[in-house]
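Okay, here's what each chain looks like letter by letter:
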Amino acid sequence: NMEQRNTQAEEDTQIVLTKMAGESQMPYGLKGTVKFVDSMGTIFSEWDNGRSLGVVHGEDSFRKLTQEEIEAENQSKSEVENGTPDEDSGMTMGM
């Protein structure tokens, strides 16, 4: 159902590409963050590879990242940024 599909991908939703037809630069498993969804249901994301191609409804496919995946990614990002995974997690939890 189209409506459900669009609410599934609102702005800032983190998604994983599962299929993009004819785009060799857009592999399975590529992660992105939804920027906007147009009136046709095309989902425009900022992809981890720097591209911003739209996911076309009915042609391409994706899934939302699970909460566990998002947490794991956030943790690995904070480790890269400041070398200590738990340094600021106390603050973010309280917000």
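Refer to the structure above for everything that follows.
These remarks concern the structure in this document. (Residues numbered from 1 in each chain as written. Predicted model: local features only at pLDDT ≥ 70, side-chain atom pairs only at ≥ 80, totals over all residues. Heavy atoms only, no water.)

## Comments concerning the side chain of Thr-13
Note that Thr-13 resides in the loop between α1 (2–8) and β1 (14–19). Residue classification places Thr-13 among the buried residues on the basis of a relative accessible area of 14%. Here Glu-10 takes part through its backbone oxygen, which lies 2.6 Å from a polar atom of the side chain of Thr-13. (Helix = DSSP H or I, 4+ residues; strand = E, 2+ residues; numbered from the N terminus. Buried < 20%, exposed > 50% of the residue type's maximum accessible area, 1.4 Å probe, protein only. Polar contact = N/O pair within 3.5 Å; in protein donor to acceptor, adjacent residues only side chain to side chain.)

## A closer look at the sheet that holds strand β5 (residues 61–64)
An order of β4-β3-β2-β1-β5 is seen for the five strands of this open sheet, with the pairing classed as antiparallel. Each edge of the open sheet is held by one strand with a lone partner, namely β4 (54–55) and β5. The pairing of β1 with β5 spans four bridges and is classified as antiparallel. Residue pairing across strands places Ile-15 opposite Lys-64, the latter belonging to β5. (Pairing = 2+ DSSP bridges.)

## Points about the environment of Phe-62
Within the fold, Phe-62 resides in strand β5. C-alpha separation for the pair Phe-62 and Ala-9, spaced 53 residues apart in sequence, amounts to 9.7 Å.

## Structural notes on the pairing of strand β3 (residues 43–47)
Here β3 shows one buried face, formed by Ile-43, Ser-45 and Trp-47, and one open face, formed by Phe-44 and Glu-46. Where strand β2 (residues 31–37) meets β3, five bridges bridge the pair, whose relative direction is antiparallel. Residue pairing in the sheet places Val-37 in a bridge with Ile-43 of β3. What sits between the antiparallel neighbours β2 and β3 is a turn of five residues, in which Gly-41 has the positive phi angle 90 degrees. Bridge count for β3 against β4 is two bridges, and the pairing is antiparallel. Within β4, the position partnered with Phe-44 by the bridge is Gly-54. Remark: six residues form the turn of the hairpin made by β3 and β4, two consecutive strands paired antiparallel; Gly-50 in that turn has positive phi of roughly 90 degrees.

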